[in-house]
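Residue-level structure breakdown
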Amino acid sequence: MRENVIGRANVEDTPELMAYYKDLEKYEAGALWTVANKIEPWQPQSASVPVLWRYSDLREHVLRSVELVSPEKAGRRVIYLNNPGRRDVSAAVGWLYSGLQVMHPGEVASAHAHSASALRFIMEGAGAYTIVDGHKMTLGARDFVLTPNGTWHEHGVEGDGSVCIWQDGLDIPLVNALEANFFVVHPKIQQEPSGYPVDDMTKTWGNPGLRPADTRWSKGYSPMFKYEWEPTYESLRKYAAATDGSPHDGILMNYVNPITGGHVMQTIGASMQMLRPGETTKSHRHTGSFIYQVAKGRGYSIIAGKRFEWEERDIFCVPSWAWHEHGNASTSEDACLFCFNDLPVIEGLGLYREETYGDNGGHQSVAA
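Residues numbered from 1 in each chain as written. Predicted model: local features only at pLDDT ≥ 70, side-chain atom pairs only at ≥ 80, totals over all residues. Heavy atoms only, no water.

**Notes on the nonpolar core**
As a reminder of what qualifies: Side-chain atoms within 4.5 Å are what join buried Ala, Val, Leu, Ile, Met, Phe, Trp, Tyr and Cys residues into a set we call a nonpolar core. When accessible area is computed with a 1.4 Å probe and restricted to protein chains, residues below 20% of their type maximum are described as buried, those above 50% as exposed, and intermediate ones as partly exposed. Any two residues whose heavy atoms approach within 4.5 Å are treated as being in contact.
Grouped together as the largest cluster of nonpolar side chains are 55 residues, with contacts concentrated most on F144, M272 and F338. Here F338 is in contact with L119, F121, F144, Y255, A270, S271, M272, I291, Y292, Q293 and A295, once residues within four sequence places are set aside. Formed by 15 residues, the second largest nonpolar core is a distinct cluster that contains L275, F290, A322 and L337.

**Details of the side chain of R120**
Using the following cut-off: Counting from the N terminus, the helices are DSSP H or I runs at least four residues long and the strands are E runs at least two residues long.
For R120, the location among the structural elements is in strand β5 (residues 118–124). If sequence neighbours within four positions are ignored, R120 has contacts with Q101, D143, F144, V145, T147, H153, H155, W166, Q167, D168 and L170.

**A short note on a nonpolar patch on the surface**
For clarity, the cut-off: Residues qualify for a patch when their relative accessible area is over 30% and they have no salt bridge, like charges being joined within 9 Å and the nonpolar side chains of Val, Leu, Ile, Met, Phe, Trp and Tyr within 5 Å. Accessible areas in this description were obtained via Shrake-Rupley with a 1.4 Å probe; residue shielding takes into account the shown protein chains only. One side-chain nitrogen of Lys or Arg within 4 Å of one carboxyl oxygen of Asp or Glu is enough to make a salt bridge.
Among the surface-exposed residues, V11, Y20 and W33 lie close enough to one another that they form a single nonpolar patch of about 260 Å² accessible area. Judged by relative accessible area, Y20 falls into the partly exposed class, the value being 40%.

**Section: the sheet that holds strand β14 (residues 269–275)**
Note the cut-off: Two strands pair if DSSP finds at least two bridges between them. The convention used is that axes are lines fitted to C-alpha atoms, helices contributing only their stretch in contact, and that angles between N-to-C directions extend from 0 to 180 degrees.
Read across the sheet, six strands follow the order β1-β19-β16-β21-β14-β13 without closing on themselves; strand pairing throughout is antiparallel. Two strands lie at the open edges of the sheet, namely β1 (52–53) and β13 (251–254), each paired on one side alone. Across two bridges, β1 lies against strand β19 (residues 315–318) in antiparallel orientation. Looking at the pairing, L52 lines up with F316 of β19. This element, helix α7 (residues 229–240), spans β13, β14, β16 (290–296) and β21 (335–341) of the sheet and lies at about 55° to β14.

**Concerning helix α1 (residues 15–25)**
Short version of the rule: Directions are taken from the helix axis to each C-beta atom, and the arc is the one they span.
Those residues of α1 lying buried are L17, Y21 and L24. Burial along α1 is one-sided: seen end-on, the buried residues are contained in an arc of 60°. Along α1, exposed side chains directed more than 90 degrees from the buried face belong to P15, E16 and K22.

**Points about the environment of W310**
Rules: The term polar contact refers here to a pair of N or O atoms within 3.5 Å; inside protein, the definition further demands a hydrogen-donor-capable atom paired with an acceptor-capable atom, and it admits residues adjacent in sequence only when both atoms are side-chain atoms.
Relative to the elements of secondary structure, W310 occurs in strand β18 (residues 306–311). Sequence separation between W310 and R54 is 256 residues, and the spatial gap between their C-alpha atoms is 7.6 Å. Excluding its chain neighbours within four sequence positions, the residues that come into contact with W310 are L52, L275, V294, G297, R298, G299, Y300, S301, F316, G327, A335 and L337. A polar contact is formed between the side chain of W310 and the backbone oxygen of Y300, at a distance of 3.4 Å. A polar contact is formed between the side chain of W310 and the side chain of S301, at a distance of 2.9 Å.

**Description of the packing of aromatic side chains**
The line we're drawing: Only centres within 6.5 Å qualify two rings of Phe, Tyr or Trp (six-membered ring in Trp) as a pair; their planes then separate them into stacked at under 30 degrees, edge-to-face at over 60, and tilted for everything else. A ring is scored as having a charge over it whenever the NZ atom of a lysine or the CZ atom of an arginine sits within 6 Å of its centre and within 35 degrees of its normal.
Following the criterion strictly, the structure yields 17 aromatic pairs and no others. Every member of this aromatic cluster is reached through a ring pair, and the members are F121, F144, Y227, Y255 and F338. The ring centre of W95 lies 4.4 Å from the NZ or CZ of R86, which sits over that ring. One cation-aromatic arrangement involves R307 over Y300; the distance from NZ or CZ to the ring centre is 3.8 Å.

**Overview of the state of the cysteines**
The cut-off we apply is this: Pairs of cysteine sulfur atoms within 2.5 Å are identified as disulfides in what follows.
Tallying each qualifying case throughout the model produces zero disulfides. Distance from the sulfur of C317, which forms no disulfide, to the nearest cysteine sulfur (C339) is 11 Å. The exposure class of C317 is buried, given its relative accessible area of 0%. A disulfide-free cysteine, C336 has its sulfur positioned 13 Å from the sulfur of C339, the nearest such atom.

Interpretation note: all reported values are geometric properties and have no functional meaning in isolation.
This is the structure:
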């Protein structure tokens, strides 16, 4: 790919050069100027495309998987979200994976551990639970739970519960790209009872502005494991009463590690944002890949010039460096968007960059 710009590769092919390239191939080598403009773009060129996965379209198919495969045979009964530009790595966007997992009452998935970091966001049902390194957490709709890399974890639904569906989010594509992924099944299939009280990690670490005086935590991920919906939503509403919010994100709050105040895990960050009734945000773009799930309400997002209408439990993605803005379709109810992203990696490597949209009052033109 030639570019007639000073400082960029602009070498014209000749028979002599073509023969030279062939010779280099014999030694598993090549001339940088033949690929330089491709591998060093002027700005990020994401292979991912914006996608909206409608829950109303997927739910029936997710439930049908229960009739077709058992959790014992499948390992985990999940329908994953496949971005057209990232099918080669089974990613929903960038280097992030997402899927919808379903479990019936009484079912338990085997305990396992892996190098990939993971999270769950509960979409519907009652009686679900996760056990992480012996800590059992009960899960309700819109709760957010961590299963950090290297931890033993298993999921299940109590016998008196109901069918549960949740979104899984992992950095599997990233860890695979780094050629660093391991997976191991627990030697006893399920973790043994640990004696920890149920929901002990949230009760210990989830108290606003307070930290246990005699408790130590040295791991790189949050010890809280479960972030409940009700206090999250209450915090958004309190914050909304004290600020005008961001022109690009409305009322935005990050889930944090209570030890460091930073991201919940080393490779995956998460947030919840609220759009007040009738609120529309201005467009911006930034590096990093983002997957959103509608936690509450209905509205729309304009991503790379295309409008996507969403409602509760829908999932959509914003690729890196794609212009995006959001709007609440209701004039009386707020809307909330859960999001997980790869910001810990982007920021940790010094690669974060952001830009605001300067034309048309900060709003994109929508393609017909």
